[in-house]
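Architecture and fold: a report
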Amino acid sequence: MTWFVRFLKFLSSLVIAALIAGAGIAATYTTKWARELPDYRQLDTLSRNLGAETKVFARDNTFLGSLIPKIGEMNISRTIVSLDEISPFMVGSLISNEDRHFFEHYGLDPNGIARQFQRLAKGEDVQGGSTLTNQLVKNTLLLGEYKMARTPDRKFKEWMLSMQVERSFTKDEILQDYLNAIYWGDGGPVELYGVYSAAQAYFKTTPKRLTLAQSVYLTTLIPSARRYFDYKRVRPMMKAVLNHMVEDKWITQAQADAAWREKLQPAGWQVTYGAHGKVLSAKLVNPKGKELKAVTTNRAPHFMGQVESELVKRFGRDKVYGSGGLRVYTTLSPKVQNAVETASREAYYGYMTSQGQALPPGTTMAAVMLDPYTAEVLGMVGQKLRGNDPPSDWNNAAQGQRQVGSTIKPLLYTTALENGATQLTREYDGPIRIWDRGSQKYYEPQDYEGKMSYRNMTIREGLDKSLNLVAIRVAQFVGLEKFFAKLKLLDIPPNDGTSYAAALGAVETTPVKLAAAYAPFANGGLYRPPRYITRVTDARGQVLYDAANETKLPTRVWSPQVAYLGLDMIRGVVNDLDDTQGGLASRAKFGEWPIGGKTGTTNGVTNGNKDFWMVATTPIYTGAVWVGKQQGGEMSSRYYSGWVNGPIMRRMMEVAHAGIAPTKFAEPAGIYYVPAGEASLPNVTVAMVDRSFLAHNSTQDISSELPQKPQYRETPFEASTSNDPDTVVVSLDRTTGKIATEFTPPSDIVRRRVSIEELPGYAPDQNPAPLKNEQADPSAVKLVRSQAATPAPTAAPSADPASSDHPPQQP
């Protein structure tokens with residue numbers, strides 16, 4: 001027996017050692033996971049964040065629309081409602097089905113946990129067991145970190161956070177947040193989150209008007225929204241929920257029987273009933289019946305898309321889609337946007353046949369207008385418009401990279417003027433053969449249709465007629481290195497390996513970028529990137545971004561004198577020759593306004609044309625128009641850019657300029673005029689410049705003289721890891737997370753139990769300033785001052801009326 005006793009002692013020691021080691025490991029992991037807990041106080045902003053729309057406004061403060069909320073890449077539908085806006089039947093059915101001991105536990109349900117261990121002991125799968133508080137934490141505070149993964153550390157954090165939430169939040173607040181956060185299925189264009197979306201999708205009603213039967217049905221979908229597709233399977237589940245509600249005294253047996261007999265018709269279903277609620281047949285006649293429309297704007301959707309993209313770049317997806325509630329003030333001018341849309345619709349329907357024609361068959365278009373002095377985008381369409389039909393989402397104005405054709409030539413010619421040429425410099429319009437190092441072949445360009453004049457001509461005439469052979473020789477005069485450097489300053493760099501073909505437009509960019517590249521002609525030689533947003537605030541008016549505070553100056557591309565010479569050349573393209581003389585852009589002229597511009601065409605691989613362009617500027621607006629096939633196909637060769645794009649440009653310019661007195665381009669010092677001296681350009685004078693005004697290094701980037709732009713940074717809460725039980729109840733501003741002040745709106749004041757050790761971290765600003773036109777609220781002043789006069793207790797109070805919970809009244 002001695003050996004047996006020794007064996008038992010050894011075995012006991014082994015078990016104890018294993019338990020001690022296991023406890024040590026568990027303690028190590030527990031400490032690690034506790035440090036990683038997110039801040040449970042973030043639930044204070046849940047209702048504000050989940051339901052807050054980011055609203056977008058035009059430059060005159062008229063409302064443009066709201067951004068569709070997102071979770072990840074999914075559009076969602078979620079409207080936040082308060083608990084008193086939800087049917088008590090919905091609350092009762094939820095608690096009876098999901099957490100019958102909700103009002104008895106403090107975040108963890110011992111009975112539920114014990115049932116899970118019993119299932120594990122029997123080798124069964126773990127099912128349920130989570131309290132509503134657990135589910136709320138999982139679907140909000142832990143969703144970003146774990147998605148829906150089941151891991152030990154997620155469960156531990158879920159339990160710890162649940163206890164913290166239960167300590168600080170009332171049961172009503174937890175219920176309200178849960179019903180606004182829970183997922184209720186696929187709504188087609190949007191995902192359904194929250195009871196409001198569920199009531200709308202499944203029964204076309206509001207949460208307040210949900211019947212007992214409807215509430216029970218929605219409750220059965222919470223564990224799995226796919227149950228929607230099998231109504232007969234759901235019926236027994238509904239019966240079980242009704243029985244639980246009777247047992248829990250939420251409803252009477254008579255109410256349960258009446259609900260069972262209700263002829264429920266979920267959206268998309270056609271159900272027939274017999275006596276006593278028996279389902280005779282159930283057919284899903286429209287699987288899309290529960291789909292909701294995405295909340296979109298009908299005003300300038302392509303512009304709105306660019307605004308959304310800019311917001312995400314500046315603030316990040318979490319700030320734009322997660323926090324929400326931003327107020328975004330944009331550059332869009334309703335008048336200019338109307339001008340761009342008018343020109344697009346009239347082009348589609350062919351209303352401009354007196355000076356042009358309808359768009360070529362099978363084509364679409366893009367048009368944009370901006371302020372040349374600020375590069376603020378004033379109007380934009382990214383597709384052709386047809387009546388009131390919504391356009392395609394793809395934005396050709398800002399997303400469509402296309403070769404620009406001859407619209408590149410004014411940028412080349414102006415670079416030549418900067419480097420010693422004048423408008424009267426002559427180049428030969430005849431055959432040319434250049435060795436291309438990139439392709440290791442000879443490059444032999446031609447004029448349009450192979451026609452050449454075989455004579456020397458001024459580069460002014462060469463640009464007027466858009467002659468390719470003249471342009472190539474101008475590129476040789478400038479040098480590709482200088483030309484490409486200029487294009488990079490204008491943010492339209494050529495692709496690697498591009499050679500002299502760039503001088504004829506083998507460079508890709510978008511209409512909005514090309515318009516910005518033409519703006520220096522009107523503003524004295526300064527380049528600014530296109531801008532869509534002027535100001536962003538949060539819901540309380542705190543400024544997050546203001547373009548007026550930008551410290552970076554524009555890039556100087558040309559001196560004012562050189563820019564004006566380039567402007568004079570593109571004004572000649574519009575005015576020197578009419579249609580009968582070979583003019584390419586004369587159809588863009590309107591009223592008494594001065595205008596300069598250039599058309600461009602790219603060729604297809606056969607005999608057709610691929611892209612039509614026109615870019616033009618007046619003293620107050622710069623615009624670009626592109627026409628082509630969406631997938632890049634060819635158009636008939638009987639169309640050309642001056643005939644199609646010119647009238648579109650004219651129409652949008654004349655509508656935008658309506659009611660404004662014509663003004664002239666600003667002329668810098670040192671400019672004088674001489675006759676063109678060409679028989680083909682009678683009565684034409686061209687601008688020249690005193691060479692002493694060209695000494696300035698026009699390629700200098702004046703932004704380099706400025707200090708670094710301050711970066712936006714959001715300061716988050718630090719996660720609370722204190723286990724000190726000593727607490728005090730304080731009034732917090734749910735927006736700032738700090739102690740409420742007299743300037744905190746009463747609707748934003750919440751009572752919270754916090755650790756006394758952490759209390760200094762809740763201190764508000766010492767000198768809180770009221771918002772604009774906001775006065776301190778008397779009731780808030782009284783509440784804050786009374787609290788300030790009460791000393792903090794040294795230990796947690798045994799009971800706190802503000803946090804005591806009572807079950808809601810039975811319906």
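These notes cover the structure that comes with them. (Residues numbered from 1 in each chain as written. Predicted model: local features only at pLDDT ≥ 70, side-chain atom pairs only at ≥ 80, totals over all residues. Heavy atoms only, no water.)

Okay, helix α3 (residues 88-98) next. In terms of burial, α3 is a largely internal element, 8 of the 11 residues being buried. For α3, every residue scored as buried is listed here: Met90, Val91, Gly92, Ser93, Leu94, Ile95, Ser96 and Glu98. N-cap assignment for α3: the residue whose side-chain oxygen lies 3.1 Å from the backbone N of Phe89 is Ser87. (Buried < 20%, exposed > 50% of the residue type's maximum accessible area, 1.4 Å probe, protein only. Helix = DSSP H or I, 4+ residues; strand = E, 2+ residues; numbered from the N terminus. Polar contact = N/O pair within 3.5 Å; in protein donor to acceptor, adjacent residues only side chain to side chain.)

Within the open sheet, the 5 strands sit side by side as β2-β1-β9-β19-β20. Their pairing is mixed. Single-partner strands in this sheet number two, and they are β2 (63-66) and β20 (543-546). Going from strand to strand, the sheet's axes swing by 15° on average, the running direction of each strand aside. As paired strands, strand β9 (residues 327-330) and strand β19 (residues 533-537) are joined by 4 bridges and run antiparallel to one another. Its bridge partner being in β19, Tyr329 is matched across the sheet by Arg535. Helix-sheet contacts for helix α13 (residues 301-315) involve β1 (55-57), β2, β9, β19 and β20, and the interaxial angle to β19 is about 60°. (Pairing = 2+ DSSP bridges. Axes fitted to C-alpha atoms, helices over the stretch in contact; angles between N-to-C directions. Contact = heavy atoms within 4.5 Å.)

As a further point, take the pattern of salt bridges. Applying the stated criterion to the full structure yields 18 salt bridges. The salt bridge partner of Glu418 is Lys486, with a shortest N-O separation of 3.0 Å. On the criterion of sequence distance, the pair formed by Glu418 in helix α16 (residues 409-418) and Lys486 in helix α19 (residues 480-489) is long-range, its members being 68 residues apart. Note on Lys486: relative accessible area 3%, which makes it buried. With a shortest N-O distance of 2.9 Å, Glu654 and Arg650 are connected by a salt bridge. Remark: Arg650 and Glu654 occur in helix α22 (residues 641-656); sequence separation between them is 4 residues, near one turn of the helix. (Salt bridge = Lys/Arg side-chain N within 4 Å of Asp/Glu carboxyl O.)

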